[in-house]
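For reference, the chains in residue letters:
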Amino acid sequence: MLPFDHLIVHVTATPPSVDFNAGRIDADHRKKGYKKNGYHIVVLRDGKAEVHVKFGPDELQARMIDGARVRTFSEPGAHVGSSGRGWNKRSIGVVLVGGVDEDGNPENNATEAQLETLRMLIDALMEDFDIPLANVMGHRDLIAKAGKGGPKECPCFDVREWYTCGSTKPVEAQEDEPQEDTPEPEETPQRHTVVHGDTLWALANTYGLSVEDLMDLNGLKDDTIRIGQVLTVTV
Ligand SMILES: [Zn+2]
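Residues numbered from 1 in each chain as written. Predicted model: local features only at pLDDT ≥ 70, side-chain atom pairs only at ≥ 80, totals over all residues. Heavy atoms only, no water.

Draft legend 1. Expanded view of the domain arrangement of the chain. Structurally, the chain comprises domain 1 (6-165) and domain 2 (191-232). Taking only C-alpha atoms into account, the centre of domain 1 sits 34 Å from that of domain 2. (Domains from an automatic or database assignment.)

Draft legend 2. Local environment of unusual backbone geometry. Cysteine 154 connects to proline 155 through a cis peptide bond whose omega is -15°. Topologically, proline 155 is positioned in the loop between helix 5 (139-146) and helix 6 (159-165). Its identity is not glycine, yet alanine 13 carries a phi of approximately 60°, on the positive side. If you trace the backbone, alanine 13 turns up in the loop between strand 1 (6-11) and helix 1 (22-31). The backbone phi angle of aspartate 130 is positive, close to 60°, even though this residue is not glycine. Positionally, aspartate 130 belongs in the loop between helix 4 (112-129) and strand 6 (136-138). Looking at aspartate 130, the relative accessible area reads 66%, which means it is exposed. (Helix = DSSP H or I, 4+ residues; strand = E, 2+ residues; numbered from the N terminus. Buried < 20%, exposed > 50% of the residue type's maximum accessible area, 1.4 Å probe, protein only.)

Draft legend 3. Examining the nonpolar core more closely. Counting residues in hydrophobic clusters, the biggest one holds 31 residues, and the most contacted among them are Ile41, Phe55, Val94, Leu121, Ile122 and Leu125. For this core, the secondary-structure elements that each account for two or more residues are strand 1, strand 2 (41-43), strand 3 (49-51), strand 5 (91-96), helix 4 and helix 6. No other element matches the nine residues that helix 4 contributes to this core. Beyond its immediate chain neighbours, meaning those up to four positions away, valine 94 contacts Leu7, Ile8, Val9, His10, Ile41, Val43, Leu118, Leu121 and Leu125. By size, the runner-up hydrophobic cluster in this structure holds twelve residues, among which are Val211, Met215, Leu220 and Leu231. (Core = buried A, V, L, I, M, F, W, Y, C linked by side-chain atoms within 4.5 Å. Contact = heavy atoms within 4.5 Å.)

Draft legend 4. Expanded view of the sheet that holds strand 6. Pairing is mixed in the open sheet, where six strands are placed in the order 4-3-2-5-1-6. Each of the sheet's edge strands pairs with one partner strand only, and the pair in question is strand 4 (64-66) and strand 6. Going from strand to strand, the sheet's axes swing by 25° on average, the running direction of each strand aside. Looking at chain direction, strand 2 and strand 5 are connected through three bridges and run parallel. Within the sheet, the bridge partner assigned to valine 43 lies in strand 5 and is leucine 96. (Pairing = 2+ DSSP bridges. Axes fitted to C-alpha atoms, helices over the stretch in contact; angles between N-to-C directions.)

Set out below in structure tokens:
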């Protein structure tokens, strides 16, 4: 599992009448050049959650269904890259199917079943990954925090306020044109040019990888590196 320390909630920006799911997101994301669906968890309109592995309490597990077409917790997502480098590796991406009305305008239309599932997911993921409540947020809040990124209506309710107060009253109407929640391209692998004094062990520490990861990523047979060598240092 990656050491995720943020949980980011999105909407698919599809109207309630559209039967969207992980498979359809997967197809869309592949068309955009991603290796697969960029989210870790997809919460369907009926409250079922598409995930790759069951976790959390029985009540939550009962709502989980095969998530073959989502990211595993060992894979960085591809859902918040536009807010800056590194966010995809730090955050679990949960997407609620819905979020716009039949005309495509942002609408707070999450179902009760979706919100029940989301609450259980947040509880379980905060505990499993030791994520502080301050780092549980909607995509829109990450955009505000990072200062850049995609649509400000993703989702159009305040996730943390809902989680703590139980209300999903819509945030103040925005004048901006609604935008489709278009995921950003995956981060390109980061590279490091070896300088005097670098060791694989130190580089692994710097980039949050293991020595084995670095050797695998770069096809190294032993831990010898040489000055000027260019190494891939992100998964
Ligand atoms: Zn989003």
